[in-house]
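# Architecture at a glance
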Amino acid sequence: MRTACAYLLLGFAMACGDPRPPDVAQVQIRSSGWTGTDINVNRRGEGRFRVYEGPDDRTGTFSLSSQQFDRLLQRLEPFRREAEPVTNESVRELIERRCPEGVPFTTDSGAVWIRWIGPGSDQHYLADLGCDAERHAGRNRELQSI
């Protein structure tokens, strides 16, 4: 009986989720608006970017130390906690997502999409910066600063 109770408690503890973030091997960030930016960086610190500015797109590479990559993950962690697994359904929902009716919407504010990829983990998060922008001003500033 004690063994059964121990397994039951262990099962409940595991169902509550692991508070540690998953092992992330790569982060992709895409921002849109008046200009668009794609950023892709991996745990080894190898990064690529593309800035879309009309006919004058810029591309390049950069590198991060392991500490800088960890700091990036720390800054992104509050958003990862709200992320969802990448599936056909979740991608479709992101494409079709609209600001709820009656909620203030600012056009041309852009969006920020983040994807965390690692062994056994593939999650993404989308913030529409124009949907209820005043209420989400702090979040929007943080995402843009990252």
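Structure report, in brief. (Residues numbered from 1 in each chain as written. Predicted model: local features only at pLDDT ≥ 70, side-chain atom pairs only at ≥ 80, totals over all residues. Heavy atoms only, no water.)

### Some details on the overall build of the chain
Counting its regular elements, the chain contains four helices and seven strands. The linear arrangement of helices and strands in the chain, starting from the amino end, is α-β-β-β-β-α-β-α-β-β-α. The 146 residues of the chain split such that 29% are buried. If you take every contact in the chain between residues at least 6 apart in sequence, the share linking residues at least 24 apart comes to 48%. Entry remark: accessible area of the chain is about 10100 Å², with carbon and sulfur atoms responsible for 53%. (Helix = DSSP H or I, 4+ residues; strand = E, 2+ residues; numbered from the N terminus. Buried < 20%, exposed > 50% of the residue type's maximum accessible area, 1.4 Å probe, protein only. Contact = heavy atoms within 4.5 Å. Areas by Shrake-Rupley, 256 points an atom, 1.4 Å probe, with all protein chains shown as cover.)

### So, the nonpolar core
In terms of nonpolar packing, the biggest core is built from 17 residues, with Val27, Leu76, Ile114, Trp116, Tyr125 and Leu143 touching the most fellow members. Those elements that place two or more of their residues in this core are β1 (26-32), α2 (66-80), β6 (111-118) and β7 (121-128). For this core, the element with the most residues is α2, which contributes five residues. Discounting residues that sit within four places of it in the chain, Leu76 has contacts with Val27, Ile29, Ile114, Trp116 and Ile146. (Core = buried A, V, L, I, M, F, W, Y, C linked by side-chain atoms within 4.5 Å.)

### Some words on the pairing of β1
Note: β1 against strand β2 (residues 36-42), six bridges, orientation antiparallel. Bridge assignment links Val27 to a residue of β2, and that residue is Val41. As consecutive antiparallel partners, β1 and β2 are separated by three residues, and within that stretch Gly33 has a phi angle of approximately 155°, a positive value. Two strands pair when backbone bridges link them, and β1 and β6 are joined in this way by seven bridges, in the antiparallel orientation. Bridge assignment links Ser31 to a residue of β6, and that residue is Val112. (Pairing = 2+ DSSP bridges.)

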